[in-house]
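# A structural walkthrough
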Amino acid sequence: MNALTIDVEDYFQVEAFASVIDPQNWKDYPSRVGLNTKKILDILDESQTKATFFCLGWVAERQPHLIKEIAARGHEIASHGYDHQPVYRKSPQTFRADVKETKQILEDLTGKPVSGYRAPTYSITKKTLWALEILAEEGYRYDSSIFPIKHDLYGIPDAPRFPFNINTFHVKTKLIEFPLTTLRILNLNIPIAGGGYFRLFPYTFIKKALRHINNKEKQPFIFYLHPWELDPNQPRINHISWRSRFRHYVNLDKTEGKFRKLLSDFRFSTVLEVLSIKF
Ligand SMILES: [Zn+2]
């Protein structure tokens, strides 16, 4: 059983556009997160699959019915923080306020405890490991923010590749980490299990890599996707770098087909279930 995760945020909130879109202006962009999340919910219903939805506090406050619907359809609600600012741009005080507030907003909407956290832009790096202690203190049980790769925006290349207790990794606190899944080739970790990498690589390669992790390494993988990645009709944002443009727009029209294949080829559930976290 593998973990399926959706980061519930809108297309204009991503780090790739942060240089041209100020969060203060988010309210001026037409929201598509509801429409796109419902598309995902319908696809998941068709394949009778449950997933974990890491929801942005900003979205939850403005579209409470969306969060309630995700929960009502049997999925796990977890936290993606409030304002989608990377952890390395926050102080420990503002980070604590952010994760506390988001947990409260989501729990008030669903009446269920929120156990999981995923940092915006996978921004738990060597410099922000302090954030993990704060998550545990604020009542979170697991984190899924560490990407064991080298990347210009995020990553801890030497972090373990599969779920581990965080107190075995430089931080003395009780929290389980589910790192984003990579394939190890030679001495390199290659990201394969979601987002832009899923849109970029041919499906046959991804399927083979994920099968290798399940069958040869005997480990679960964690797959992630954003609602805007199934939306080829989203408004285009101008004046961004070629790198950001490529990362955000590559193969948006192919995501849905690939995602449907993935759901029929592998078994998925929520992070809570895959990690066997009980209350
Ligand atoms: Zn995000």
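First things first, this report covers the structure right here in the doc. (Residues numbered from 1 in each chain as written. Predicted model: local features only at pLDDT ≥ 70, side-chain atom pairs only at ≥ 80, totals over all residues.)

For the protein, the helix and strand inventory stands at 10 helices and 11 strands. For a compact globule of 279 residues, the expected C-alpha radius of gyration is about 19 Å, and the protein comes in at 17 Å, within 12% of that figure. By its C-alpha atoms, the protein is 50 × 40 × 40 Å across when sized along the principal axes. Put simply, the protein has 279 residues, and 44% of those count as buried. (Helix = DSSP H or I, 4+ residues; strand = E, 2+ residues; numbered from the N terminus. Rg over C-alpha atoms; globule rule 2.2 N^0.38 Å. Buried ≥ 20, exposed ≤ 12 C-beta atoms within 10 Å, placed from the backbone.)

Next up on the list: the pairing of strand E2 (residues 52–55). Neither face of E2 is left uncovered, since the one carrying Thr52 and Phe54 and the one carrying Phe53 and Cys55 both have all their residues buried. When strand E1 (residues 2–8) meets E2, the two strands line up parallel, connected through 4 bridges. Within E2, the residue paired with Val8 across the bridge is Cys55. Crossover connection from E1 via helix H1 (residues 33–46) to parallel E2: handedness right-handed. For E2 and strand E3 (residues 76–79), the ladder comprises 4 bridges, and the chain directions are parallel. Note that in E3 the partner of Cys55 across the bridge is Ser79. (Pairing = 2+ DSSP bridges. Right-handed = clockwise from strand over helix to strand, strands pointing away.)

To continue, consider the environment of Asn251. By secondary structure assignment, the location of Asn251 is in the loop between helix H8 (242–249) and helix H9 (255–265). Separated by 26 residues in the primary sequence, Asn251 and Leu225 have C-alpha atoms spaced 13 Å apart. Look past the residues within four positions of Asn251 in its chain and what remains in contact with it is Arg199 and Leu200. (Contact = placed C-beta atoms within 7 Å.)

Okay, the nonpolar core next. In terms of nonpolar packing, the biggest core is built from 67 residues, with Phe53 and Cys55 touching the most fellow members. The leading source of residues in this core is helix H4 (residues 92–110), at 5 residues. Sequence-distant contacts of Phe53, defined by excluding residues within four places in its chain, comprise Ile6, Val8, Ile70, His75, Glu76, Ile77 and Ala78. Core analysis: the second largest hydrophobic core is formed by 5 residues, Tyr11, Phe12, Ala16 and Trp228 among them. (Core = buried A, V, L, I, M, F, W, Y, C linked by C-beta atoms within 7 Å.)

Take the packing of H4 against helix H5 (residues 130–137) next. The contact between H4 and H5 brings their axes to 10 Å, and the two run at 40°. With respect to H5, the axis of H4 lies oblique. In this structure, H4 meets H5 at a crossing whose hand is right-handed. Here Pro92, Phe95, Arg96 and Val99 of H4 come into contact with H5, specifically with Trp130, Ala131, Ile134 and Leu135. Split by residue class, the contact of H4 with H5 holds 7 nonpolar, no polar and 1 charged. (Axes fitted to C-alpha atoms, helices over the stretch in contact; angles between N-to-C directions. Parallel < 35°, antiparallel > 145°, perpendicular 65-115°, else oblique. Left-handed = near helix turned anticlockwise from the far one by under 90°. Nonpolar A, V, L, I, M, F, W, Y, C, P; charged D, E, K, R; others polar.)

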